[in-house]
Structures are given as structure tokens and as C-alpha cells.
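# Residue-level structural notes
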Amino acid sequence: MGGIEDLDRAVAAAISAPSAAAEALEAIDGLVTAIDADRAAGLFGRWGLATAIDGRSREALLPQPLFEALHERAGLEATWPIGNAGLLQTYGSLLAPDATDDRNRERWLGAELATGLGLDGAHFVPREGSRTLLDRATEAAAVLLASGGEFSWYALAEGRATRAVLSHEHDGSRALAYAVAPAPGTSPLLVALLPVAEAETVRRDLDEAASRLRWNAA
């Protein structure tokens, strides 16, 4: 996949000329190829819905034209700002360099998340290996949820089943996977995979109030 410069150019192009957002995506080496592969593999169906508006800052996590172009390329129907969590978590994050908290591109380009999962620090770097970023992220999140990690939580939020799992510590890092059922009576779908810097804060928060939607789940 293209480098930082390609990502920044795509963001700038989409902001200056919204109608050219799809073309901007095409200019990022390997991006649309990865999305096409994920679409063919049915990976987007393993993820639930999330909002592209940051829950704390209330700012958009990526430009709306890129949100729409990404979903169109993935063959997904979406109405701003609610979209596919897997698409937003991975490629959306790469196109949101100024996003805050757990949604910025450093989650994938850096080593903290991978290390927290007990993986090689470069495991999620998009340019590494033959598998797409979403493929690697989906597998990692599913494995963590299945393992139960060191701590796990089950709760109903708005009548929907939710599951959060915090990994064991690896070299000072941890990771968290989160899944939410799209409707009451259905099975949870992946929503978030993120590094955790302050495990005790997350544990305390979930222990006290696990029954609300988190991490931009929609």
C-alpha cells in the first residue's frame, strides 16, 4: 500500500475536490486492490457498524467524501456518518492522520497494537506481507475475542449483546477487541481493535459501566 505521502495527498485531494475522492483512492498504491480482495473474501460482513464522528471530540475522523468513496468501493451501503466498522477502523484510520485517541493511523503503522497481541511489531504495517490490513486485523480481533484474554466482559447495551476482551500484557503493551450485536438476539460483530495504554482505567470503566456502547460503535 502507498506510503504516508500518498495517504496525505489523498486526504488533501478529497478535501479540496470532494468529487475526486474516488480518484484519490485509486492513486494510493495498493489500496483499492486490498479493498477489492476484502470484499471478495466477505471480510466486511464480519464487522458491525461504527460512526465516523469521534465520540469525544465530535470531529469527523476522515473527510466525508473519502468515507463515501471507501464504502462505494467496498460495495457497502452507508449513510454518513455511520459505516462499516472494519472499513473505518483500517483504511479509514489510515486516511485520518489527525484523528485522536485510538483511531489514528499510528495504530497500524506503529508496533504497540501488534506487540500487545503478542505479534511482531510490524504485523499490521500495510506494506508488509501479502495479506490485506483488514484480513490481519479481522483475524487478530477474532482470535483475541475467542481466547478470552486476561479479562473479558459481557453486557447488554441498548438490548444488544456486547463483548470486550483485554489481552494479557506483552512487553508492556496490551490490546482490546470489542464486538457488538447489530440487533437484539443476534451475535456480536467486530467493532474495534485497539492498543490499550492504561489497562487499569479501561478495566475500571468496564467493571463499572459495561452496558453502554463504546469505541464509536453504532
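First things first, this report covers the structure right here in the doc. These figures come from a predicted structure and were not determined experimentally.

## Comments concerning the side chain of R174
- Here R174 shows up in strand β5 (residues 174-180).
- At 2.8 Å, the side chain of R174 forms a polar contact with the side chain of E150.
- Each residue touching R174, except ones within four places of it in the same chain, is listed here: G116, E150, F151, L166, S167, H168, E169, L194, P195, V196 and A199.

## Section: the environment of L113
- Among the structural elements, L113 can be located in helix α7 (residues 112-116).
- As a C-alpha pair, L113 and S173 span 60 residues in sequence and 7.4 Å in three-dimensional space.
- With residues up to four places along the chain from it excluded, the contact list for L113 reads R107, W108, F124, A175, L193, L194 and P195.

## Quick word on helix α1 (residues 4-16)
- A rise of 1.5 Å per residue sets the reference length of α1, with its 13 residues, at 18 Å; its end C-alpha atoms lie 18 Å apart and thus fit the reference within 8%.
- Within α1, the full set of buried residues consists of D6, L7, A10, V11 and A14. Burial along α1 is one-sided: seen end-on, the buried residues are contained in an arc of 135°. Away from its buried face, by an angle of more than 90 degrees, α1 presents the exposed residues E5, R9, I15 and S16.

## Some words on the sheet that holds strand β6 (residues 189-196)
- The four strands are arranged β3-β4-β5-β6 in an open sheet whose pairing can be described as antiparallel. Edge positions in the sheet fall to β3 (151-157) and β6, since each has one partner strand and no second. Here the strands of the sheet are splayed against their neighbours by 15° on average, with no regard to which way each runs.
- Strand contacts of helix α9 (residues 199-209): β3, β4 (160-166), β5 and β6, with the helix running at about 35° to β3, the strand carrying the most contacts.

About the cut-offs
- Residues numbered from 1 in each chain as written.
- Predicted model: local features only at pLDDT ≥ 70, side-chain atom pairs only at ≥ 80, totals over all residues.
- Heavy atoms only, no water.
- Helix = DSSP H or I, 4+ residues; strand = E, 2+ residues; numbered from the N terminus.
- Polar contact = N/O pair within 3.5 Å; in protein donor to acceptor, adjacent residues only side chain to side chain.
- Contact = heavy atoms within 4.5 Å.
- Expected span 1.5 Å × (residues − 1).
- Buried < 20%, exposed > 50% of the residue type's maximum accessible area, 1.4 Å probe, protein only.
- Arc of directions from axis to C-beta.
- Pairing = 2+ DSSP bridges.
- Axes fitted to C-alpha atoms, helices over the stretch in contact; angles between N-to-C directions.

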